[in-house]
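For reference, the chains in residue letters:
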Amino acid sequence: MANHQIIRWGFVVLTALSFAACQKSLLKAELETYKLMYKPGEHLVASFEETKKRSPCANGGVYLKESFFRPHRMVAGEQILTRFIYASCAAMNIRGIIVRKVIHNGSVILRDTTPHSFISGTWGVNAYIQIPPDATAGAYIFLFTITAGSQVFKETHTFQVIQP
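Residue numbering note: each chain is counted from 1, following its sequence as written. Owing to the predicted nature of the model, reporting of local features is limited to residues with pLDDT of at least 70; listing and counting of side-chain atom pairs is limited to 80 or more, with chain, interface and lining totals taken over all residues. Only hydrogens and water are set aside when side-chain values are computed; all heavy atoms of the structure are taken into account.

Once that is clear, we can look at the overall build of the protein. In terms of regular secondary structure, the protein is built from three helices and nine strands. In the protein, of all internal contacts separated by at least 6 residues, the share reaching a separation of at least 24 is 70%. Here the accessible surface of atoms and residues is derived via Shrake-Rupley with a 1.4 Å probe, and residues count as covered only by protein chains that are part of the display. Of the roughly 9,700 Å² of accessible surface on the protein, 60% is carried by carbon and sulfur atoms. Helix numbering and strand numbering both begin at the N terminus, where a helix is a DSSP run of H or I of at least 4 residues and a strand a DSSP run of E of at least 2. By the convention used here, residues are in contact when the closest approach between their heavy atoms is within 4.5 Å.

Here you go:
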């Protein structure tokens with residue numbers, strides 16, 4: 001019975017080592033999976049009528065319902081997926097701006113500023129941002145700011161750039 005335990009643990013160790021050796025391939029496969037699931041751009045989640053029923057629409061503004069950031073580990077030069085879902089209860093579009101920043105050791109190494117029109121209803125917004133190929137290994141911060149009219153939403157996510 002002890003031999004079975006040794007064989008089982010040996011298999012676990014070998015599997016872990018093979019995963020570590022193929023880490024870059026696994027991270028690339030993870031990103032490719034996200035690209036299949038989340039196409040870039042804005043996609044309708046719920047109509048204006050459905051949104052009014054399900055969201056707190058008392059003051060007719062924009063609400064950040066959810067944000068999503070992946071992967072949390074990557075190699076330099078790869079892309080990150082940023083996704084957020086908002087609900088707009090306004091009868092007309094609300095002009096705004098989306099700012100995405102990547103920060104390393106207190107310095108902004110990447111900044112993307114995009115004007116955006118927040119449309120009535122519930123919408124998902126997907127974007128892929130490429131980490132610079134010369135990014136050094138270490139801890140990074142992704143800061144995401146959405147301004148919709150007079151409303152401001154901020155999200156912070158941490159991630160790690162690893163050696164290939």
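Read on, since the account is not over.
At least two DSSP bridges between two strands are needed for those strands to be called paired. Of the pairings in the sheet, the one linking strand β5 (residues 94–104) to strand β6 (residues 107–118) comprises 11 bridges and is antiparallel in character. Paired with His-104 across the strands is Ser-107, a residue of β6. The hairpin turn running from β5 into β6, its antiparallel successor, is two residues long, and Asn-105 in that turn takes a positive phi close to 50°.

A few words now on the nonpolar core. Soluble, globular proteins show a tendency: their nonpolar side chains are buried together. Residues enter a nonpolar core if they are buried and are Ala, Val, Leu, Ile, Met, Phe, Trp, Tyr or Cys, with the set joined through side-chain atoms within 4.5 Å. Using a 1.4 Å probe on the protein chains alone, a residue whose accessible area is under 20% of its type maximum counts as buried, one over 50% counts as exposed, and one in between counts as partly exposed. Formed by 24 residues in total, the largest nonpolar core has its most connected members in Ile-80, Phe-84, Phe-118, Ile-131 and Phe-159. Mapped by element, the contributors of at least two residues to this core are β2 (62–70), β4 (79–88), β5, β7 (121–130), β8 (138–148) and β9 (151–162). Here this core takes five residues from β8, the largest share from any one element. Not counting residues within four places of it along the chain, the set of residues in contact with Ile-131 comprises Met-74, Ala-76, Gly-77, Glu-78, Ile-80, Val-102, Phe-159 and Val-161.

So, on to the pattern of salt bridges. A pairing counts as a salt bridge when a side-chain nitrogen of Lys or Arg comes within 4 Å of a carboxyl oxygen of Asp or Glu. One pass over the structure, following the stated rule, counts one salt bridge. Between Arg-100 and Asp-112 there is a salt bridge, with the nearest N and O atoms lying 3.2 Å from each other. Residue Arg-100 is located in strand β5, and its partner Asp-112 is located in strand β6; the two are separated by 12 residues in the primary sequence. Judged by relative accessible area, which is 5%, Arg-100 ranks as buried.

Take the sheet that holds β8 next. An order of β3-β9-β8-β5-β6 is seen for the five strands of this open sheet, with the pairing classed as mixed. Strands at the two margins of the open sheet, each flanked by one partner only, are β3 (73–75) and β6. For this sheet the average axis-to-axis angle between neighbouring strands, irrespective of direction, equals 25°. Between the N-to-C directions of two axes lies an angle of 0 to 180 degrees, each axis being a line fitted to C-alpha atoms and, for a helix, fitted only over the stretch in contact.

A pair of Phe, Tyr and Trp rings is counted when the ring centres sit within 6.5 Å of each other, with Trp represented by its six-membered ring. The angle between the planes then sorts it: under 30 degrees is stacked, over 60 is edge-to-face, the rest tilted. Enumeration over the complete set of coordinates arrives at seven aromatic pairs. Aromatic ring contacts, followed pair by pair, group Phe-69, Phe-84, Tyr-86, Phe-118, Tyr-140, Phe-142, Phe-144 and Phe-159 into a single cluster.

Along the chain, Arg-83 turns up in strand β4. Counted as positive: Lys and Arg. Counted as negative: Asp and Glu. His and the chain ends are not counted at all. One buried charged residue, Arg-83, remains without a salt bridge, the closest side chain of opposite sign being Glu-66 at 4.9 Å. The term polar contact refers here to a pair of N or O atoms within 3.5 Å; inside protein, the definition further demands a hydrogen-donor-capable atom paired with an acceptor-capable atom, and it admits residues adjacent in sequence only when both atoms are side-chain atoms. Of note is the side chain of Arg-83, whose polar atom sits 2.7 Å from the side chain of Asn-126. In contact with Arg-83, other than residues within four places in its own chain, are Tyr-38, Glu-66, Ser-67, Phe-68, Gly-124, Val-125 and Asn-126.

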